[in-house]
Amino acid sequence: MLKKSIASLPRSLVFAALCACSLAQAQTAVAPSRIGVVFTERLMTESKMAKAADAKIQAEFSKRQKANEEMVGKLKAASEKFDADAPRMSDLERTKRSRELFDMEKDVQRMQREFQEDLLQRKNEERAAIAQKAYKLIEQIAEQEHLDVVLQETAWSSPRVDITDKILKQLDK
């Protein structure tokens, strides 16, 4: 029955109806999406939370860093003394002191490695706390501004869609 009723309509009317339907579909398919962009590295370096975390970590690790630097200084002094004294030493004494220097160097390397690992872990813990709070703020701002998607770290974006400053302001409250 539908075929007969369409066939009985003038072709121009059918064509106009089809064009109107496809135009309506095209308009809904091309509805602009609202996009926001956040540069998280700025959140991790410029926010008050990040600066406070950096100061806290610096205070927490300053003693260990100083101890590492002192050990490196001792190793350097011992190595220089060994180099100066080596020509006058017996083979047995040179071997013994060489082994002591090697052990001391291993200890220094171990201390530095452990220090770096612990420092990196603490930084990651602090960054995770900042990221968690920032994520909640991103969700809130996305809802408030009716954004469809928020991207992170784009190669390029227009300043119009950058919401990093808004997130920074909220983080700093």
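Model, not experiment: these values are computed from the prediction.

Calculation criteria
Residues numbered from 1 in each chain as written. Predicted model: local features only at pLDDT ≥ 70, side-chain atom pairs only at ≥ 80, totals over all residues. Heavy atoms only, no water. 1 Å grid on protein atoms, 1.4 Å probe; cavity = no way out; pocket = protein on both sides within 12 Å on 5 of 7 lines; lining within 4 Å. Points joined across faces, edges and corners; volume = space filled by probe spheres on them. Helix = DSSP H or I, 4+ residues; strand = E, 2+ residues; numbered from the N terminus. Axes fitted to C-alpha atoms, helices over the stretch in contact; angles between N-to-C directions. Parallel < 35°, antiparallel > 145°, perpendicular 65-115°, else oblique. Buried < 20%, exposed > 50% of the residue type's maximum accessible area, 1.4 Å probe, protein only. Polar contact = N/O pair within 3.5 Å; in protein donor to acceptor, adjacent residues only side chain to side chain. Contact = heavy atoms within 4.5 Å. Core = buried A, V, L, I, M, F, W, Y, C linked by side-chain atoms within 4.5 Å. Salt bridge = Lys/Arg side-chain N within 4 Å of Asp/Glu carboxyl O. pLDDT = per-residue confidence, 0-100. Phe/Tyr/Trp six-rings, centres within 6.5 Å; stacked < 30°, edge-to-face > 60°. Expected span 1.5 Å × (residues − 1). Bend = angle between axes of the 7 residues up to and from the residue.

Draft legend 1. Representation of the layout of surface pockets. If you add up the space inside the largest pocket, you get close to 230 Å³. If you trace the largest pocket, you find 16 residues lining it, with Ala 53, Asp 54, Ile 57, Leu 119 and Lys 123 closest to the centre. Taken together, the elements giving at least two residues each to the lining of the largest pocket come down to helix H3 (40-46), helix H4 (48-85) and helix H5 (91-144). Considering every element that reaches the lining of the largest pocket, the biggest residue donor is H4, with eight residues.

Draft legend 2. Here's a closer look at the packing of H4 against H5. For the pair H4 and H5, interaxial distance at closest approach is 10 Å and the crossing angle is 170°. Between H4 and H5, the interaxial angle falls into the category roughly antiparallel.

Draft legend 3. The side chain of Ser 157, seen in detail. One can find Ser 157 in the loop between strand S2 (149-152) and helix H6 (164-171). A relative accessible area of 17% means that Ser 157 is categorised as buried. For Ser 157, the side chain forms a polar contact with the side chain of Thr 154, separated by 3.5 Å. Those residues in contact with Ser 157 that lie beyond four places of it in its chain are Val 37 and Phe 39.

Draft legend 4. Structural detail: the nonpolar core. One finds Val 38, Leu 43, Ile 130, Ala 134, Ile 163, Ile 167 and Leu 171 to be the most contacted residues of the largest nonpolar core, which totals 15 residues. At the level of secondary structure, the elements contributing two or more residues to this core comprise H3, H5 and H6. No other element matches H5, which puts six residues into this core. Those residues in contact with Ala 134, other than ones at most four positions away along the chain, are Leu 43, Ile 167 and Leu 171.

Draft legend 5. Just the pattern of salt bridges, in detail. Inspection of the entire model under this criterion finds 15 salt bridges. Among the ionic pairs, Asp 118 bridges to Arg 64, the shortest N-O distance being 2.8 Å. Placement of the pair is Asp 118 in helix H5 and Arg 64 in helix H4, with a sequence separation of 54 residues. For Asp 118, a relative accessible area of 30% puts it in the partly exposed group. For Arg 64, a relative accessible area of 32% gives the class partly exposed. Two residues, Arg 122 and Glu 125, come together in a salt bridge whose shortest N-O distance is 2.9 Å. Taken as a pair, Arg 122 and Glu 125 lie in helix H5 at a separation of three residues, close to a single helical turn. For Arg 122, a relative accessible area of 15% corresponds to the buried category.

Draft legend 6. Quick peek at the confidence of the model for the chain. Residues of the chain with pLDDT of at least 70 account for 82%, and the chain-wide mean is 87. With pLDDT under 50 throughout, residues 13-20 is counted as low confidence; its partners more than four residues away or in other chains account for two contacts.

Draft legend 7. Focus on the packing of aromatic side chains. For the structure shown, the criterion picks out one aromatic pair. A ring pair is formed by Phe 61 and Phe 115, whose centres lie 5.8 Å apart and whose planes are at 75°; its orientation type is edge-to-face. Taken as a pair, Phe 61 in helix H4 and Phe 115 in helix H5 lie far apart in primary sequence, 54 residues in all. Comparing Phe 61 with Phe 115, the two get one shared label, buried.

Draft legend 8. Main features of H4. For H4, which comprises 38 residues, the first-to-last C-alpha distance of 53 Å matches the rise-based estimate of 56 Å (1.5 Å per residue) to within 8%. Of all the bends in H4, the greatest, near 45°, is centred on Phe 61. The set of residues buried in H4 consists of Ala 50, Ala 53, Ile 57, Phe 61, Asn 68, Leu 75, Phe 82 and Asp 85.

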